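# Overview (structure and organization)
What follows is each chain in one-letter form.
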Amino acid sequence: MITINKMSNSILMLISVVFMMLSGCSSTEKIEDTVTERVVASDFVLEVTTPTVIGTGEKMKVKGTLKYTGIKPVEVAHGKPIVRFFFSGGDEERSYTDVGYVTEFKSGQVVEVEDEFLVSKKGAQNLYVDMTADISLTMNPIEILVK
């Protein structure tokens, strides 16, 4: 009876160790941490969410949210998209419209812009965020570590 219990315990222990090893180590596991940076200017708030660590060959998805916090409606002249991203760790070219759009922002209105980049360069890279509107918002580059 004692031998069967010891053998059962040994088998359970072996199965547990193998399971923990398999669940903790995956070769396709993404290396990704995210950050949300925020900048406020007058009646606008710009938030940008991006991974800060990513692997070469992966697609990096970024999101910008522009919110109007003022009370009175305001017209803003801008290009399309109103929030633009540039990534130093990729080779993709972007084609944008610089002028020609006017949006009337009402209190609480939110505009979301998403973009993605194919990551091709290793090392410390930067994500730059630019506004094409007559809103003065400046965001420092966000450092991205590409492994």
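Refer to the structure presented above.
The rules we used
Residues numbered from 1 in each chain as written. Predicted model: local features only at pLDDT ≥ 70, side-chain atom pairs only at ≥ 80, totals over all residues. Heavy atoms only, no water. Helix = DSSP H or I, 4+ residues; strand = E, 2+ residues; numbered from the N terminus. Buried < 20%, exposed > 50% of the residue type's maximum accessible area, 1.4 Å probe, protein only. Contact = heavy atoms within 4.5 Å. Salt bridge = Lys/Arg side-chain N within 4 Å of Asp/Glu carboxyl O. Polar contact = N/O pair within 3.5 Å; in protein donor to acceptor, adjacent residues only side chain to side chain. Core = buried A, V, L, I, M, F, W, Y, C linked by side-chain atoms within 4.5 Å.

### Observations regarding the overall build of the chain
Scanning the chain from terminus to terminus reveals one helix and eight strands. Across the chain, helices and strands are ordered from the amino to the carboxyl terminus as α-β-β-β-β-β-β-β-β. Across the 147 residues of the chain, 32% fall into the buried class. Within the chain, residue pairs in contact and separated by at least 24 positions form 66% of the contacts whose partners lie at least 6 positions apart.

### Considering the pattern of salt bridges
One pass over the full model with this rule turns up four salt bridges. A salt bridge links Glu116 to Lys59; its shortest N-O distance comes to 3.3 Å. In this pair, Glu116 is assigned in strand E6 (residues 110-118) and Lys59 in strand E3 (residues 59-68), connecting sequence segments 57 residues apart. As a salt-bridge pair, Lys63 and Glu112 come within 3.5 Å of each other at their nearest N and O atoms. Of the two residues, Lys63 is situated in strand E3 and Glu112 in strand E6; the sequence distance between them amounts to 49 residues. Under the relative-accessibility criterion, Lys63 is labelled partly exposed at 31%. Glu112 sits in the partly exposed class, given a relative accessible area of 49%.

### Looking at the environment of Lys59
Linking Lys59 and Leu118, residues 59 residues apart in sequence, is a C-alpha distance of 4.5 Å. Apart from the residues within four sequence positions on either side, Lys59 is in contact with Ile54, Glu116, Phe117 and Leu118. A polar atom in the side chain of Lys59 sits 3.3 Å from the side chain of Glu116.

### Observations concerning the nonpolar core
Within soluble globular proteins, side chains that are nonpolar tend to cluster in buried spots. If you look at the biggest cluster of nonpolar residues, it comprises 29 residues, and the most contacted ones within it are Leu46, Leu66 and Leu127. Among the elements that make up this core, the one with the highest residue count is strand E4 (residues 74-87) (five residues).

### Some details on unusual backbone geometry
Following Lys80, the chain continues into Pro81 via a peptide bond in cis, with omega recorded as -5°. Inspection of the secondary structure assignment puts Pro81 in strand E4. One non-glycine residue, Ser42, adopts positive backbone phi at about 45°. Along the chain, Ser42 falls in the loop between strand E1 (33-41) and strand E2 (44-54).

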